[in-house]
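# Report on the structure
Residues per chain are reported as follows:
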Amino acid sequence: MIKKIICLFTILLIGFNSSAQEESLPVENLKNLYKNNKELRNTVDLMLENVHDLPNGNSNPWKDKNVDDLYDFLNDWFYFLPNTHNGLDRILKFSFLYYKNPDGMKFVLSEPGLSWTISFIEERGKFMDSPESAKIIEEWLSDNSLGNEDFVLPENGFKSFNDFFTRDLKPGTRPIDDATDNSVLVSPADGIINMIANELELDTEIPTKGRMTMSLNSLLDNSKYAEKFVGGSAMAVFLMPDNYHHYHSPTTGKIVESKEEVGSRLFGMPDLLDMINNGNPGYNKDYSVFENFRHGYFIIETKKYGFIAMAPIGLQTVGSVVFKNEFKEINSENPIQIYKGDKLGHFEYGGSTVLLIFEKGKLNSITVEQGQRIGKLKY
């Protein structure tokens, strides 16, 4: 991971070459907005003028750049096909436009820039669903570190990058620990696990120093079940671009409520480098910033351990938090039984995380037994 981050910084500081591809629809639309909307034009100009140096002391790659450089970058990004080590490069570079930059935040969080960012990701998603996006897949399949032998490989190949990115595991490759012991919680996804919050509150505007918390009402869209988790705890599974990107039930119980679309934000994390945290993403960081990112949630009722909330969250360009059809829009009038390890949905290309939220006193720490896996070493 450290090698990946160092390589990433090298690429960012050198900069990107402008794309030889034809102009994408989102870039064309942004040019029209910039030409015809005086307020947006002023915001974009101030955003480029007021970029800040990066927290590690390096110069911001947007320094001395203009709107034409922005167009070139966005067009390059639109057609970009990630390999196994550069999936966050362009996401990071774009985030440097709004690092400590109020005008950058205004561009991505206020209209018409907010709607433009959503349309950019939606159109790029269509490109990642296209046959042209499949060109990079062979490079992923040739990387022996990804455990490709664990996945189902279609006889006729993958039809697009997202077809590959959402590939299925072969049966039995992720055996469920203690499938009949409901006191044993299992990870909902591949990723990096962190305890992120305790003493949760319904509404929280300013996290207190040294005390991580989140707004349950924001995260669970004012669900009637939100109050169940007041004073409770939460943990996160932070997925990286090369992880398996389906998410599964961590326990056995009944889904008594679900909602697939909450929040509209795709950009605007104040300091993405800080969240990446030198290869340990999210550790001791403020997850309250994620409350308004595009996400969904499930409320699972267990027989002995109360309610558990699970929130798959799309981060930094992921507009596709996709529930399986049978788990969409559930309410207490039509609960659905699920079992530990059942697949509930998936993310398409990008970074993402899954939050698990517990009632007070139900989970205060993560424990392991001798001989269980606690991590994977790299060289």
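All of the points below concern the structure found in this document. All values reported here derive from a predicted model rather than from experimental measurement. (Residues numbered from 1 in each chain as written. Predicted model: local features only at pLDDT ≥ 70, side-chain atom pairs only at ≥ 80, totals over all residues. Heavy atoms only, no water.)

### Brief notes about the overall build of the chain
Using the following cut-off: Per the convention used, a helix needs a DSSP run of H or I reaching at least four residues, while a strand needs a run of E reaching at least two, with both numbered from the N terminus. Burial status follows relative accessibility: with a 1.4 Å probe on protein chains alone, a residue under 20% of its type maximum counts as buried, one over 50% as exposed, and anything between as partly exposed. Residues count as neighbours in contact if any of their non-hydrogen atoms are within 4.5 Å of one another. Every accessible area reported is derived by Shrake-Rupley at a probe size of 1.4 Å, with residue values counting cover from the shown protein chains alone.
Looking only at helices and strands, the chain features eleven helices and ten strands. Among the 379 residues that make up the chain, the fraction classed as buried is 52%. Sequence separation of 24 or more characterises 77% of the internal contacts of the chain that already satisfy a separation of 6 or more. Total accessible area computed for the chain in this model is approximately 18300 Å², and 47% of it derives from carbon and sulfur atoms.

### Overview of helix H2 (residues 25-36)
Two residues of an α-helix separated by three or four positions point the same way, owing to the 3.6 residues in each turn. Filter applied, for reference: Expected helix span is computed as 1.5 Å times (number of residues minus one). Throughout, the arc means that of the directions going from the helix axis to the C-beta atoms.
With twelve residues, H2 extends 17 Å between its outermost C-alpha atoms, agreeing within 8% with the 16 Å of an ideal straight helix rising 1.5 Å per residue. Among all positions of H2, only Pro26, Val27, Leu30 and Tyr34 are buried. The arc enclosing the buried residues of H2, seen along the axis, measures out at 95 degrees, which places them on a common side. Every exposed residue of H2 that faces more than 90 degrees away from the buried side is listed here: Lys35 and Asn36.

### Here's the deal with the side chain of Thr166
Rules: As used in this structure description, the phrase polar contact means that two N or O atoms lie within 3.5 Å; if the pair is within protein, one of them must be able to donate a hydrogen and the other to accept it, and residues adjacent in sequence are counted only when both atoms belong to side chains.
Its place among the elements puts Thr166 in the loop between helix H9 (161-165) and strand S1 (192-198). A polar atom in the side chain of Thr166 sits 2.7 Å from the backbone oxygen of Asn162. Those residues in contact with Thr166 that sit more than four places away from it in its chain are His246, His346, Phe347 and Glu348.

### Remarks on the nonpolar core
We count it as follows: Throughout this description, the term nonpolar core refers to a set of buried Ala, Val, Leu, Ile, Met, Phe, Trp, Tyr and Cys residues connected via side-chain atoms within 4.5 Å.
Leu74 and Phe94 are the most contacted members of the largest nonpolar core, which totals 78 residues. Beyond its immediate sequence surroundings of up to four residues, Leu74 is in contact with Val27, Leu30, Phe94, Trp116 and Phe120. With 21 residues, the next largest nonpolar core counts Leu239, Phe323, Leu344 and Leu363 among its residues.

### Points about the packing of aromatic side chains
Convention followed: What counts as a ring pair is set by centres within 6.5 Å for rings of Phe, Tyr and Trp (its six-membered ring), and what kind of pair is set by the plane angle: stacked under 30 degrees, edge-to-face over 60, tilted for all other angles. Whether a charge sits over a ring depends on NZ of Lys or CZ of Arg being within 6 Å of the ring centre and within 35 degrees of the ring normal.
Throughout the structure, instances matching the rule amount to 24 aromatic pairs. With a centroid separation of 6.5 Å and 90 degrees between ring planes, the pair formed by Tyr34 and Tyr71 is classed as edge-to-face. Of the two residues, Tyr34 sits in helix H2 while Tyr71 sits in helix H4 (residues 67-78), which places them 37 residues apart along the sequence. On the basis of relative accessibility, which here comes to 16%, the residue Tyr34 falls in the buried class. Under the relative-accessibility criterion, Tyr71 is labelled buried at 7%. Aromatic side chains Trp77 and Phe94 sit 5.4 Å apart centroid to centroid with 50 degrees between the ring planes, which places their arrangement in the tilted category. With a gap of 17 residues between them, Trp77 in helix H4 and Phe94 in helix H5 (residues 89-95) connect regions that are remote in the sequence. When its relative accessible area of 2% is taken as the criterion, Phe94 is described as buried. Directly above the ring of Phe151 sits Arg167, whose terminal nitrogen or CZ lies 4.2 Å from the centroid. Above the ring of Phe164, the side-chain terminus of Arg167 is found at 4.1 Å from the ring centroid.

### Overview of the packing of helix H6 (residues 102-109) against helix H7 (residues 113-128)
Keep this limit in mind: In this description, a line fitted to the C-alpha atoms serves as the axis of each element, helices being fitted only across the stretch in contact, and the angle between N-to-C directions of two axes falls anywhere from 0 to 180 degrees. Think of it as three bins: nonpolar holds Ala, Val, Leu, Ile, Met, Phe, Trp, Tyr, Cys and Pro, charged holds Asp, Glu, Lys and Arg, and polar takes everything else, Gly as well.
Running from N to C, H6 and H7 cross one another at 65 degrees; their axes reach a closest spacing of 5 Å. Counted together, Phe107, Val108 and Leu109 of H6 and Gly113, Leu114, Trp116 and Thr117 of H7 form the full contact between these two elements. For the contact of H6 with H7, a count of residues per class yields five nonpolar, two polar and no charged.

### A word on unusual backbone geometry
In this model, Glu111 is joined to Pro112 through a cis peptide bond whose omega is 5 degrees. For Pro112, the position within the fold is in the loop between H6 and H7. The phi dihedral of Asp178 is positive, around 45 degrees, even though this residue is not glycine. Within the element layout of this structure, Asp178 appears in the loop between H9 and S1. For Asp178, a relative accessible area of 42% corresponds to the partly exposed category. Backbone geometry places Asp221, a non-glycine residue, at a positive phi of 55 degrees. When you line up the elements, Asp221 lands in the loop between helix H10 (216-219) and strand S2 (233-239).

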